[in-house]
Amino acid sequence: MNIFRTKDVSLRQTEMHRHLKLWDLILLGIGAMVGTGIFTITGTAAATLAGPSLVISIVISALCVSLSALFFAEFASRVPATGGAYSYLYAILGELPAWIAGWLTIMEFMTAISGVASGWAAYFKGLLIHYGISIPQALNGTFNPEQGSYIDILPILVIVLVTGLVLLNSKAALRFNSLLVVLKFSALALFILVGIWYIKPENWTNFAPFGFGQLYGGSTGIMAGASLMFFGFLGFESISMAVDEIQSPQKNIPRGIVLSLTIVTILYALVTLVLTGIVHYSKLNVDDAVAFSLRSIGIGWAANYVSLVANSNSDNRMYLHDLRFVSNDI
């Protein structure tokens, strides 16, 4: 048995129907990246790490992610029949390195799923509290008998729901994802268009309250914010993992990755500027920062809409979609 045997990755090897076009890939990438990161992490990172200068952190993080994205794009153009780190390593280094990468990828997605599900639950709880509805303490927190909480039921329910969605065929799941992308864009556009009229420039006066920070190992500052915002860009590799269902993958995958990453970076920067302009950064250390900022200026109807859309965010689905691709190969 040769543990370093490689895999045939010829284009004609795929047995799937190539039905995904460039526009589908852009929506796929945006749907994977825009979600908990933009609705939750932006507020936390601004409050605790970088302040309004988080917008610079986003640009730095996007540049770092783009380097990885370009590697994925290059591999996708050379290995058009299968995608993802597992498949690329299998084609180049062999079975054992690919097996290790596959399980590491599964661990990565499991960690990401937990964060995404918790962010979804935070927005939904905030919406329920706004209407005077509370969840029993036993079902409203992580296991801590001393505080009377045993399970956080909402994140579990959303994972079960998303798992059911990804059991659909890929085209149906992608159409559902596209619908959610449109909803999320509408919520963010509403936030920007409404919030821009309530911006107080004095909230930006101390633009970088924590400074630039350290290039390595810093706990606060612009660079620390960049390290956290990197989490918000996870999911762009979903495009390469769908390579065997993409039309002209050598051309469309690089274009899809670059365009979706550019759109998400601009969107993250605009939301961060408006968010820190509406509310002072020191008050944004909450789980539902975007909805919180709208409620703080008395626009409850917009906050409720944002909360509803955040509760339907599809990056949960995309992470599990990626996990399905990896587990199928392993």
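Residues numbered from 1 in each chain as written. Predicted model: local features only at pLDDT ≥ 70, side-chain atom pairs only at ≥ 80, totals over all residues. Heavy atoms only, no water.

A.B. asks: Help me understand helix 8 (residues 222-229) in this model?
C.D. replies: Residue pairs three or four apart in sequence face the same way in an α-helix, which turns once every 3.6 residues. With respect to burial, helix 8 is a largely interior element, six of its eight residues being buried. Within helix 8, the full set of buried residues consists of I222, M223, A224, G225, A226 and M229. (Buried < 20%, exposed > 50% of the residue type's maximum accessible area, 1.4 Å probe, protein only. Helix = DSSP H or I, 4+ residues; strand = E, 2+ residues; numbered from the N terminus.)

A.B. asks: Teacher, can you tell me more about the packing of aromatic side chains here?
C.D. replies: Each aromatic ring pair is characterised by the separation of its centres together with the angle its planes make. If you walk through the whole model with that rule in mind, you get one aromatic pair. Seen from their ring centres, F210 and Y281 are 6.1 Å apart, and the 75° between their planes marks the pair as edge-to-face. Of this pair, F210 sits in the loop between helix 7 (170-195) and helix 8 while Y281 sits in the loop between helix 10 (249-278) and helix 11 (289-296); the two residues are 71 residues apart in sequence, bridging distant segments of the chain. (Phe/Tyr/Trp six-rings, centres within 6.5 Å; stacked < 30°, edge-to-face > 60°.)

A.B. asks: How do you make sense of the nonpolar core when you look at a structure like this?
C.D. replies: Side chains of a nonpolar character, in soluble globular proteins, are inclined to be buried together. Formed by 60 residues in total, the largest nonpolar core has its most connected members in V34, I38, F191, F233, I257 and Y268. Those elements that provide at least two residues to this core are helix 1 (22-33), helix 2 (36-50), helix 3 (54-78), helix 7, helix 8, helix 10, helix 11 and helix 12 (300-311). Those residues within four positions of F191 in sequence are excluded, and the remaining contacts are I196, V271, V274, L275, I278, V290, S293 and L294. (Core = buried A, V, L, I, M, F, W, Y, C linked by side-chain atoms within 4.5 Å. Contact = heavy atoms within 4.5 Å.)

A.B. asks: Is there a simple way to explain the confidence of the model for the protein chain in this structure?
C.D. replies: Keep in mind that low pLDDT regions are not for reading the predicted coordinates in detail. Confidence in the prediction of the protein chain, expressed as mean pLDDT, is 76, and 80% of residues score 70 or more. Per-element averaging of pLDDT across the protein chain places helix 13 (residues 315-329) at the bottom with 41 and helix 8 at the top with 87. Low pLDDT (under 50) marks residues 314-330, which in the prediction has 64 contacts with non-local residues, meaning those over four places away or in another chain. (pLDDT = per-residue confidence, 0-100.)

A.B. asks: Mind showing me how you'd approach the environment of L20 here?
C.D. replies: For L20, the location among the structural elements is in the segment before helix 1. On the basis of relative accessibility, which here comes to 5%, the residue L20 falls in the buried class. Spatially, the C-alpha atom of L20 lies 9.4 Å from that of N252, the residues being 232 residues apart in sequence.

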